[in-house]
Amino acid sequence: MDETPWCVKGVKEWLWTATGQDFCLFHAADTRSRAELETMLGNEASWCVEFR
């Protein structure tokens, strides 16, 4: 899981990524908030995200 800022026409945007052995998911967003994470992965997930 990563969120990386980049500038689009002078406005800060965020590129969220989630990767695993068999997938890579990208999500472009206006914010770095938890709401973006829930939009990307859902808020009732039955799995665990390990942060390192």
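Right above here is the structure, for reference.
Values in this document were obtained by computation on a predicted structure and should not be read as measured data.

Draft legend 1. Representation of the overall build of the protein within the structure. Looking only at helices and strands, one finds one helix and three strands in the protein. In the protein, the succession of helices and strands from N to C terminus is β-β-β-α. Classification of the 52 residues of the protein by burial places 17% in the buried group. For the protein, the proportion of contacts with a sequence separation of at least 24, taken over those separated by at least 6, is 10%. About 4400 Å² of surface is accessible on the protein, with carbon and sulfur atoms providing 51% of the total.

Draft legend 2. Structural context of the environment of Phe26. Residue position: Phe26 is located in strand E3 (residues 23–29). Among the residues examined, Phe26 registers a relative accessible area of 54% and is labelled exposed. Separated by 14 residues in the primary sequence, Phe26 and Met40 place their C-alpha atoms 8.4 Å from one another. With near-sequence residues (within four places) excluded, Phe26 lies in contact with Leu15, Trp16 and Thr17.

Draft legend 3. Representation of the pairing of strand E1 (residues 2–8) in the model. Both E1 and strand E2 (residues 11–20) contribute to a ladder of seven bridges, which runs antiparallel. Bridging across to E2, Cys7 finds its partner in Lys12.

Draft legend 4. Representation of unusual backbone geometry within the structure. Positive phi values are uncommon outside glycine, yet Lys9 reaches one of about 50 degrees. Position of Lys9 among the secondary structure elements: in the loop between E1 and E2. Looking at Lys9, the relative accessible area reads 84%, which means it is exposed.

Conventions used here
- Residues numbered from 1 in each chain as written.
- Predicted model: local features only at pLDDT ≥ 70, side-chain atom pairs only at ≥ 80, totals over all residues.
- Heavy atoms only, no water.
- Helix = DSSP H or I, 4+ residues; strand = E, 2+ residues; numbered from the N terminus.
- Buried < 20%, exposed > 50% of the residue type's maximum accessible area, 1.4 Å probe, protein only.
- Contact = heavy atoms within 4.5 Å.
- Areas by Shrake-Rupley, 256 points an atom, 1.4 Å probe, with all protein chains shown as cover.
- Pairing = 2+ DSSP bridges.

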